[in-house]
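# Coordinates in review
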Amino acid sequence: MFTSKSYTSSPVIVQSLMLSVRAFLRRRLRENIRCEQLTNILLNHDSNEVLLQGYSEHKLEQVLTDATRNTLYYKNFGTNINKYPYIDKAEVNRNKDQFLSKNSKGILIKGSTSGTTGSPLSVPQNMESVIAEQAFINRMMRWAGMEKKDKRAWIRGDMIVPLAQKKAPFWRYSYFENMIMLSSFHMEPKNLQGYINAMVDFGVQVIQAYPSSIVTLAKYLEVNNEYYPGEIKSVVTSSESLTKEDKYLIETRFKCTVFDWYGLFERVAAIASCEYGRYHILTDYSHVELLPAGKTEDGRDRAEIVGTNFNNALYPLIRYKTGDYVILSNETSCPCGRVYPIVDSIEGRVGDYLIGEDGQKVHILNHIPKGVDGIIALQFVQVIKDEITILVVSDKNLFNGKQRLILTNNAKERLGKSITFFIEEVNNIPRTKNGKIRQAVCSLK
Ligand SMILES: [Zn+2]
């Protein structure tokens, strides 16, 4: 809808009305009595291990039984999950139709993974599945302290403001949801104070954002030595990986707790952080196995997230290897009292990388801008071997020659002294069509 001519050519107030009506209709479909009941069931799992385990075991058995009965791929596999093979995106893509349940009733909703690597995967869902997903989101929002009437800010890559628009307002209102929606695509330094003011004027209490969008605002506040001048209950992030440094930066500048959600379109795993910063594997969302995957640089255990979805009978994915990793934790209980197992952190999808001087792929790049003043956002671009351009959105007063030198030296340390780095100052980092920022764009294999 947002890119249609009728939307882009309408006045701002009409755009707000159009997106309010859309939100109202979507909400009526998803947030019905069933969704509310399920939300309450899920909330009861938080502190009750017996309930949680009973629910999860029942779900798993149901998924395996249905898959055996209704799909070609899993014909005759039975109810012992250990007999099932591990699968991945490529395997599902090769056998697309065999995963589709012959018992497919109701509305079929198709969506696909975005993913920076490999071919996208299309996963059909039914309305049941959409409602269940909403119930899990509702529980997460309750963890974050949100109440029904709270005013929300939403900065999650919706094309609510046409790109051609160069002047504020870069936000619209969704009246039924009590929400201000801000564009992820117009976050140039000169516009950011306007973003903060619009959120304060609206009286925002909870923020739901892409990490890259909210970090841009937090960096802007940090660079100007300021704090968000309103009272926020919490910030809820998802859809991109969030580093510990960025989480801390948001929490400091917005003076509240960040609740981070890891999920993926295949719906085979969800991991949510609590007010104590622990990441809990939501074992009522899916069946998760953690496959050992070696150690980190500092000797901690890594594991790949492998999941079985509980809430998509239309397209069961069993023992699906996500290609995402967690760092394991020694903790067996959390001060928050919730009984879900804990992992230390999630390593984002190993997708974005640069090629170092010895031809090695370097994935971890978030240390490079550390200790450099005046950077609001950045992205690495590599088209030729031994040459890397760093796009930087900066505060011009702080990002001087000395800071440029620190940035280059940090980069050389990670990627190699023989590589030439070019720093290019830009007003905005190019975003993907979903409004996300990629850390690195490398066209070399
Ligand atoms: Zn906890």
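What you see is a predicted model; the values in this text were computed from it and never measured.

## A look at the confidence of the model for the protein
- In this model, the protein carries an average pLDDT of 91, and 96% of its residues clear a pLDDT of 70 or more.
- Ranking the helices and strands of the protein by mean pLDDT puts strand E10 (residues 279-281) first, with 98, and strand E1 (residues 109-112) last, with 66.

## A few points about the packing of aromatic side chains
- This model, assessed by the stated rule, comprises 17 aromatic pairs.
- Aromatic pair Tyr73 and Phe99: ring centres 4.2 Å apart, planes at 25 degrees, arrangement stacked. You can see Tyr73 sitting in the loop between helix H4 (49-70) and helix H5 (89-94) and its partner Phe99 sitting in the loop between H5 and E1, a full 26 residues away along the chain. Across the pair, Phe99 and Tyr73 agree in class, each one buried.
- Between the aromatic rings of Phe99 and Tyr315, the centroid separation amounts to 6.0 Å while the plane-to-plane angle is 45 degrees, which identifies the pairing as tilted. Here Phe99, found in the loop between H5 and E1, pairs with Tyr315, found in the loop between strand E12 (301-309) and strand E13 (320-328); they are 216 residues apart in sequence, far enough to count as distant. Per residue, the accessibility class of Phe99 equals that of Tyr315, and both read buried.
- A connected cluster of aromatic rings, assembled from ring pairs, spans Tyr73, Tyr74, Phe77, Tyr84, Phe99 and Tyr315.
- Above the plane of the ring of Tyr227 lies Arg253, whose end atom (NZ or CZ) is 4.3 Å from the centre.
- A cation over a ring is seen here: Arg302 above Tyr325, with NZ or CZ 4.4 Å from the ring centre.

## Observations concerning the pairing of strand E19 (residues 420-425)
- Bridging between strand E18 (residues 387-394) and E19 involves six bridges; their strand directions are parallel. Its bridge partner lying in E19, Leu391 is registered against Glu424.

## Some words on H4
- Given a rise of 1.5 Å per residue, 22 residues ought to cover 32 Å, and the 31 Å separating the end C-alpha atoms of H4 matches this to within 8%.
- Contacts made by the buried residues of H4 are with helix H3 (33-45), strand E11 (286-295) and E12.
- The backbone nitrogen of Val50 lies 3.1 Å from a side-chain oxygen of the residue at the head of H4, namely Asn48.

## What about the sheet that holds strand E17 (residues 375-384)?
- Ordered in space as E19-E18-E17-E20, the four strands form an open sheet in which the pairing is mixed. The open sheet has two free edges, formed respectively by E19 and strand E20 (440-442), since each of these has just one partner strand. Neighbour to neighbour, the strand axes of the sheet diverge by 20 degrees on average, direction disregarded.
- In this fold helix H10 (residues 401-415) packs onto E17, E18 and E19, with an angle of close to 140 degrees to the strand it touches most, E19.

## With respect to the pairing of E11
- Both E11 and E12 contribute to a ladder of eight bridges, which runs antiparallel. Counted as the bridge partner of His287 is Thr308 from E12.
- Linking two consecutive strands that pair antiparallel, namely E11 and E12, is a turn of five residues; a positive phi of about 85 degrees is found at Gly299 within it.

## Re the domain arrangement of the protein
- Assigned domains within the protein: domain 1 (33-144 + 233-347) and domain 2 (354-442).
- The C-alpha centroid of domain 2 is placed 32 Å from the C-alpha centroid of domain 1.
- Between domain 1 and domain 2, the contact holds six residues from the first and seven residues from the second.
- Both faces considered, domain 1 and domain 2 share a buried interface measuring about 540 Å² in area, 45% of it formed by carbon and sulfur atoms.
- Viewed at the interface, domain 2 and domain 1 are joined by one salt bridge.
- Connecting domain 1 to domain 2 are two residue pairs in polar contact (both at pLDDT 80 or more).
- Residues of the side of domain 1 that touches domain 2, tallied by class, amount to no nonpolar, four polar and two charged.

Thresholds applied
Residues numbered from 1 in each chain as written. Predicted model: local features only at pLDDT ≥ 70, side-chain atom pairs only at ≥ 80, totals over all residues. Heavy atoms only, no water. pLDDT = per-residue confidence, 0-100. Helix = DSSP H or I, 4+ residues; strand = E, 2+ residues; numbered from the N terminus. Phe/Tyr/Trp six-rings, centres within 6.5 Å; stacked < 30°, edge-to-face > 60°. Buried < 20%, exposed > 50% of the residue type's maximum accessible area, 1.4 Å probe, protein only. Lys NZ or Arg CZ within 6 Å of the ring centre and 35° of its normal. Pairing = 2+ DSSP bridges. Expected span 1.5 Å × (residues − 1). Contact = heavy atoms within 4.5 Å. Polar contact = N/O pair within 3.5 Å; in protein donor to acceptor, adjacent residues only side chain to side chain. Axes fitted to C-alpha atoms, helices over the stretch in contact; angles between N-to-C directions. Domains from an automatic or database assignment. Buried area = accessible area lost by both parts, 1.4 Å probe. Salt bridge = Lys/Arg side-chain N within 4 Å of Asp/Glu carboxyl O. Nonpolar A, V, L, I, M, F, W, Y, C, P; charged D, E, K, R; others polar.

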